Amino acid sequence: MIRVVLTVLVAVALLAASMPAVETARTATTAERLGAETDRLERAIGGVVSGSAPVGDPAMAAGTTVLVRVPTGFAAAETDGVALVESAEGPGGVALAYRIDGGPRRTLRVGTGPAETAVDLVGGPVELRPGPNRVRIRYVDDGGPTVRIGRIG
């Protein structure tokens, strides 16, 4: 009986000692996965911009749809306010903004490819829910080359 109690106590102590490391790993994994999603979005924008010319009619504009995944599950930390927002680095840029476990707001800049283009977030910041989100990208001429980004659904 004493062996069972001691075994349980040792297991609980080991679990308690390892929890901070698990939380740190979850935070790092979530930040890495959001960085990978930013890279995926940047490649999609670059592909549309580099292979197309902007046109005035949005229905005729070159475009693509990208699946942006906000991490969820056991290996992911809780995220708050994940959204595509205007970049603080300058007008016309875009960034992925998020918070992990109520911490400070972090942003990852999303490039627009080889050409200088403005970015228009349809309807303001594009809020992203946990899990997969479909994002539409269009390359339009809106007084100059503009990448228009909006969430589908």
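Because the structure is a prediction, the values reported are computed rather than measured. (Residues numbered from 1 in each chain as written. Predicted model: local features only at pLDDT ≥ 70, side-chain atom pairs only at ≥ 80, totals over all residues. Heavy atoms only, no water.)

K.L.:
How do you make sense of unusual backbone geometry when you look at a structure like this?
P.N.:
The backbone of Asp101 sits at a positive phi, close to 50 degrees, despite the residue not being glycine. Positionally, Asp101 belongs in the loop between strand S3 (94-100) and strand S4 (106-110). Among the residues examined, Asp101 registers a relative accessible area of 43% and is labelled partly exposed. (Helix = DSSP H or I, 4+ residues; strand = E, 2+ residues; numbered from the N terminus. Buried < 20%, exposed > 50% of the residue type's maximum accessible area, 1.4 Å probe, protein only.)

K.L.:
What am I meant to see in the pattern of salt bridges here?
P.N.:
Should their charged atoms come close, side chains of opposite charge can pair. By the definition in use, this model includes three salt bridges. Taking the shortest distance from any N to any O, the salt bridge between Glu37 and Arg40 comes out at 3.3 Å. Of this pair, Glu37 and Arg40 are both found in helix H1 (residues 2-50), three residues apart, which corresponds to roughly one turn of the helix. Overall, the relative accessible area of 9% leaves Glu37 in the buried class. Residue class for Arg40 comes out partly exposed when judged on its relative accessible area of 30%. For Arg148, the salt bridge is made with Asp142, and the minimal N-O distance between the two is 3.5 Å. Within this structure, Asp120, Asp142 and Arg148 form a network of salt bridges that share partners. (Salt bridge = Lys/Arg side-chain N within 4 Å of Asp/Glu carboxyl O.)

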